[in-house]
Amino acid sequence: GEKGPPGENGKNGDPGTPGSRGPPGLDGAVGQMGNAGPTGPRGSQGEEGKRGPPGELGPAGPPGPPGESSGFDMAALSAMMGQGSSKGPDPLSADEPARDFGNPEQMKEAYERLKATLEKIKKPDGTKDTPAKSCSDLKTNHPTKPSGDYWIDPNGNDVKDAIMVYCNMDTGASCVQAKPATSHEMTIVSDEKEMWVGEIEDNGFDINYKADSNQMNYLQLLSNKAEQTITFHCKSTVAYMNPRNQARNAISFMAWNDMEITHRGKARYKVIQDDCKHRKNSWAQTVFKVESLKPTRLPIVDVKVEDFGNSRQGFKLEMGQVCFS
């Protein structure tokens, strides 16, 4: 007979087994930038960089003011020295009659004054009028001078900005005093873990010296090494070691070139005496010494303390002279 109509569709079969993983799709578009993460901790200070090459020679400065009188007439002295040997009218006085220069004794006195003045210019003697370049130069030109306070002018610019220093004539070192040398008593009541004494509100202490930064920089350039002693006076306060002989709260120093000098690392200090470790209620002291073959590190300009917070604690700083040689 004829082919019958198609039957009804059968039920769906069971799902087949999963196929193999297809190839990766194309990369999607770049998403929007996310929010900035929290600021990370401050990294450790890097090593001191190498000194850069010298800059180009600057333009010549304006002419200086007229020099002060040396107390005698150079024209007169010059004519006096040539008197009796030249013929005709005095060349320094045109056709005027020759001047009277006094007797031979006065002539000799004027000559000696000129000689002494020239000698001072050639070999400055450390007075305010004729400051030396450094104490080392003073020692070279005047080896018999005793140690003491003298005037020096490291930048050689003008005697008016000369500085008074202590000259150690045994070593030739130029020593600049702090101003003032000793701080007031300080007590810090704060939750901070560390604090620079120059940043303490109301009761801080700024370390200054009896030389401006320009003269100090030139003195560093003229020197091969520098050293300074700092005495930390303490009451119930640790300076270097604590009673357990641990340096957890040891103080740090800020160098002239902004380098931090600590109890360890390449730039570190020496401890000569450490009586603050006992944390007694009575006053004691710890003595630090900083020595460097890089004179630009000294003098010390700030001190960081870490043991504070109690009203019974206190400390004072005594800044020793910084010596360049």
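Placed above this text is the structure.
Note that the structure is a prediction, hence the values are computed from the model and not measured.

> Whenever I open this one, unusual backbone geometry confuses me. Can you help?
Trans is the common state for peptide bonds, and a negative phi is the common state for residues other than glycine. Of note, the bond from Lys179 into Pro180 is cis; its omega dihedral lies within 30 degrees of zero at -5°. In this fold, Pro180 is placed in the loop between strand S3 (173-176) and strand S4 (195-196). Cis geometry is found at the peptide bond from Leu298 to Pro299, where omega equals 10°. At Asn245, a residue that is not glycine, the phi angle is positive and equals roughly 60°. With respect to the helices and strands, the residue Asn245 is situated in the loop between strand S5 (226-235) and strand S6 (252-254).

> Which parts of the structure should I look at to understand the pattern of salt bridges?
Pairs can form between side chains of opposite charge once their charged atoms are near each other. Within this structure, the stated rule accounts for seven salt bridges. Of the charged contacts in the structure, one is a salt bridge between Lys289 and Glu227, with a shortest N-O distance of 3.8 Å. With Lys289 in strand S9 (residues 284-292) and Glu227 in strand S5, this residue pair connects regions lying 62 residues apart in the sequence. With relative accessibility at 31%, the residue Glu227 sits in the partly exposed group. Given the relative accessible area of 22%, Lys289 is considered partly exposed.

> Looking at this structure, how should I read the state of the cysteines?
Put plainly, two cysteines are in a disulfide when a covalent bond ties their sulfur atoms together. Across all of its chains, the model carries three disulfides by this definition. Here Cys135 engages in a disulfide with Cys167; their sulfurs sit 1.9 Å apart. For the disulfide bridge between Cys135 and Cys167, the dihedral angle about the S-S bond is near -70°, and by the sign convention the bridge is left-handed. Linking Cys135 in helix H3 (residues 135-141) with Cys167 in strand S2 (residues 163-168), this pair joins segments that are 32 residues apart in sequence. You can call Cys135 buried: its relative accessible area is 0%. Covalently, Cys175 is tied to Cys323 through a disulfide, its sulfur atoms 2.1 Å apart.

> What is the right way to look at the sheet that holds S2 in this model?
As a general point, the strands of a sheet are linked pairwise by backbone hydrogen bonds and lie either parallel or antiparallel. Reading across the sheet, the seven strands line up as S1-S2-S3-S11-S5-S9-S8 and stay open at both edges, with antiparallel pairing between neighbours. In this open sheet, the two strands that pair with only one neighbour each are strand S1 (148-152) and strand S8 (270-274). This sheet shows a mean twist of 30° between the axes of neighbouring strands, independent of strand direction. Of the strand pairs in this sheet, S2 and S3 are connected by three bridges, and their pairing is antiparallel. Within S3, the residue paired with Asn168 across the bridge is Ala173.

> Help me understand the nonpolar core, please; the structure alone is not making it clear to me.
One recurring pattern in soluble globular proteins is that nonpolar side chains are buried together. Of all hydrophobic cores here, the largest spans 49 residues; its most connected members are Tyr209, Phe232, Phe253 and Ile300. Within the residue set of this core, elements represented by two or more residues are H3, S1, S2, helix H4 (213-221), S5, S9, strand S10 (302-305) and strand S11 (314-324). Among the elements that take part in this core, S11 stands out by supplying five residues, more than any other. Dropping the residues within four chain positions of it, Phe253 is found in contact with Trp196, Ile230, Met259, Glu260, Ile261, Tyr269, Phe288, Val290, Ile300, Asp302 and Val303.

How each quantity is defined
Residues numbered from 1 in each chain as written. Predicted model: local features only at pLDDT ≥ 70, side-chain atom pairs only at ≥ 80, totals over all residues. Heavy atoms only, no water. Helix = DSSP H or I, 4+ residues; strand = E, 2+ residues; numbered from the N terminus. Salt bridge = Lys/Arg side-chain N within 4 Å of Asp/Glu carboxyl O. Buried < 20%, exposed > 50% of the residue type's maximum accessible area, 1.4 Å probe, protein only. Disulfide = S-S within 2.5 Å. Pairing = 2+ DSSP bridges. Axes fitted to C-alpha atoms, helices over the stretch in contact; angles between N-to-C directions. Core = buried A, V, L, I, M, F, W, Y, C linked by side-chain atoms within 4.5 Å. Contact = heavy atoms within 4.5 Å.

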